Amino acid sequence: MALKNIQSQKVYYSADGKLEMNLEEFKKWLKKFDVDKDGKISKEELQEVVRSTGGRFCRIKGWRGMKFADTNKSGFIDENEFNNLVEFVQKYLYVRIVY
(Lines give C-alpha, C1' and ligand atoms only; values in the text may rest on other atoms or scores of the structure.)
Protein backbone atom coordinates (compact mmCIF):
# COMPACT_ATOMS: atom_id res chain seq x y z
CA MET A 1 0.00 0.00 0.00
CA ALA A 2 1.50 3.33 -1.07
CA LEU A 3 1.31 6.44 1.03
CA LYS A 4 0.72 9.83 -0.58
CA ASN A 5 0.12 13.26 0.88
CA ILE A 6 -2.73 15.14 -0.82
CA GLN A 7 -3.47 18.63 0.49
CA SER A 8 -1.88 17.90 3.90
CA GLN A 9 -3.89 14.72 4.46
CA LYS A 10 -2.20 11.34 4.23
CA VAL A 11 -4.01 9.16 1.77
CA TYR A 12 -3.46 5.46 1.18
CA TYR A 13 -3.79 3.67 -2.14
CA SER A 14 -4.30 -0.07 -2.32
CA ALA A 15 -2.35 -2.33 -4.66
CA ASP A 16 -5.14 -2.06 -7.23
CA GLY A 17 -4.89 1.75 -7.22
CA LYS A 18 -8.02 2.53 -5.20
CA LEU A 19 -8.03 5.34 -2.68
CA GLU A 20 -8.38 3.60 0.68
CA MET A 21 -9.68 5.07 3.94
CA ASN A 22 -11.88 4.22 6.88
CA LEU A 23 -15.35 5.70 7.36
CA GLU A 24 -14.23 8.59 9.59
CA GLU A 25 -11.42 9.50 7.19
CA PHE A 26 -13.92 9.40 4.32
CA LYS A 27 -16.24 11.82 6.15
CA LYS A 28 -13.33 14.17 6.84
CA TRP A 29 -12.14 13.91 3.21
CA LEU A 30 -15.65 14.54 1.89
CA LYS A 31 -16.05 17.69 4.00
CA LYS A 32 -13.35 19.45 2.01
CA PHE A 33 -15.65 19.29 -1.03
CA ASP A 34 -18.53 20.93 0.85
CA VAL A 35 -17.63 24.37 -0.47
CA ASP A 36 -20.58 26.23 1.06
CA LYS A 37 -20.17 24.39 4.40
CA ASP A 38 -23.88 23.55 4.65
CA GLY A 39 -23.22 19.94 5.67
CA LYS A 40 -24.72 18.61 2.43
CA ILE A 41 -23.16 17.60 -0.88
CA SER A 42 -24.59 19.18 -4.04
CA LYS A 43 -24.31 17.77 -7.56
CA GLU A 44 -21.49 20.22 -8.33
CA GLU A 45 -19.62 19.26 -5.18
CA LEU A 46 -20.07 15.59 -6.04
CA GLN A 47 -18.59 16.28 -9.47
CA GLU A 48 -15.48 17.59 -7.70
CA VAL A 49 -15.35 14.40 -5.63
CA VAL A 50 -15.38 12.39 -8.88
CA ARG A 51 -12.70 14.62 -10.41
CA SER A 52 -10.44 14.25 -7.36
CA THR A 53 -10.49 10.46 -7.60
CA GLY A 54 -9.20 10.61 -11.14
CA GLY A 55 -12.59 9.73 -12.49
CA ARG A 56 -13.62 10.59 -16.01
CA PHE A 57 -16.97 11.97 -17.11
CA CYS A 58 -17.40 13.97 -13.90
CA ARG A 59 -20.73 15.52 -14.86
CA ILE A 60 -22.29 12.19 -15.78
CA LYS A 61 -20.95 10.42 -12.70
CA GLY A 62 -21.98 13.37 -10.51
CA TRP A 63 -25.50 13.14 -11.91
CA ARG A 64 -25.50 9.35 -11.47
CA GLY A 65 -24.21 9.64 -7.91
CA MET A 66 -26.89 12.17 -7.05
CA LYS A 67 -29.59 9.93 -8.51
CA PHE A 68 -28.15 6.94 -6.61
CA ALA A 69 -27.67 8.60 -3.21
CA ASP A 70 -30.28 11.39 -3.02
CA THR A 71 -33.26 9.24 -2.08
CA ASN A 72 -35.48 12.14 -0.94
CA LYS A 73 -34.82 14.04 -4.22
CA SER A 74 -33.83 17.26 -2.42
CA GLY A 75 -30.93 17.89 -4.78
CA PHE A 76 -28.42 17.35 -1.97
CA ILE A 77 -26.88 14.38 -0.20
CA ASP A 78 -27.35 14.90 3.51
CA GLU A 79 -26.33 12.92 6.61
CA ASN A 80 -29.32 10.58 6.27
CA GLU A 81 -28.22 9.59 2.76
CA PHE A 82 -24.53 9.24 3.61
CA ASN A 83 -24.55 5.42 3.46
CA ASN A 84 -25.96 5.61 -0.07
CA LEU A 85 -23.06 7.86 -1.04
CA VAL A 86 -20.56 5.44 0.52
CA GLU A 87 -22.07 2.61 -1.54
CA PHE A 88 -21.93 4.67 -4.75
CA VAL A 89 -18.34 5.79 -4.20
CA GLN A 90 -17.14 2.24 -3.59
CA LYS A 91 -19.07 0.87 -6.54
CA TYR A 92 -18.36 3.49 -9.22
CA LEU A 93 -15.30 5.48 -8.17
CA TYR A 94 -11.76 4.43 -7.32
CA VAL A 95 -12.37 4.44 -3.56
CA ARG A 96 -12.45 1.68 -0.97
CA ILE A 97 -13.88 2.23 2.51
CA VAL A 98 -12.33 -0.15 5.01
CA TYR A 99 -14.27 -0.95 8.17
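From a predicted model like this one, the values you see are computed outputs, not experimental measurements. (Residues numbered from 1 in each chain as written. Predicted model: local features only at pLDDT ≥ 70, side-chain atom pairs only at ≥ 80, totals over all residues. Heavy atoms only, no water.)

Student: Before we go on, may I ask you to explain the side chain of Glu81 in this structure?
Tutor: Among the secondary structure elements, Glu81 is positioned in the loop between β5 (76-77) and α4 (82-92). Here the side chain of Glu81 touches Asn72 through a polar contact of 3.1 Å, landing on its backbone nitrogen. Sequence-distant contacts of Glu81, defined by excluding residues within four places in its chain, comprise Ala69, Asp70, Thr71, Asn72 and Phe76. (Helix = DSSP H or I, 4+ residues; strand = E, 2+ residues; numbered from the N terminus. Polar contact = N/O pair within 3.5 Å; in protein donor to acceptor, adjacent residues only side chain to side chain. Contact = heavy atoms within 4.5 Å.)

Student: Teacher, can you tell me more about the pairing of strand β6 (residues 95-98) here?
Tutor: For a regular strand, side chains alternate in direction, first toward one face of the sheet and then toward the other. Side chains Val95 and Ile97 project from β6 onto a buried face, and the interleaved Arg96 and Val98 project onto a face without burial. In the sheet, strand β3 (residues 19-22) pairs with β6 via four bridges, with the strands oriented parallel. By the bridge assignment, Met21 is partnered in β6 with Ile97. (Buried < 20%, exposed > 50% of the residue type's maximum accessible area, 1.4 Å probe, protein only. Pairing = 2+ DSSP bridges.)

Student: Sorry, what's going on with helix α1 (residues 23-31) here?
Tutor: Residues spaced three or four apart along an α-helix face the same direction, because each turn holds 3.6 residues. Among the residues of α1, Phe26, Trp29 and Leu30 are the ones counted as buried. All buried residues of α1 project into a common sector of 100° when viewed along the axis, lining one side. Opposite the buried face of α1, at more than 90 degrees from it, the exposed residues are Glu24, Lys28 and Lys31. Where α1 begins, the capping side chain belongs to Asn22, and its oxygen is found 3.0 Å from the backbone nitrogen of Glu24. (Arc of directions from axis to C-beta.)

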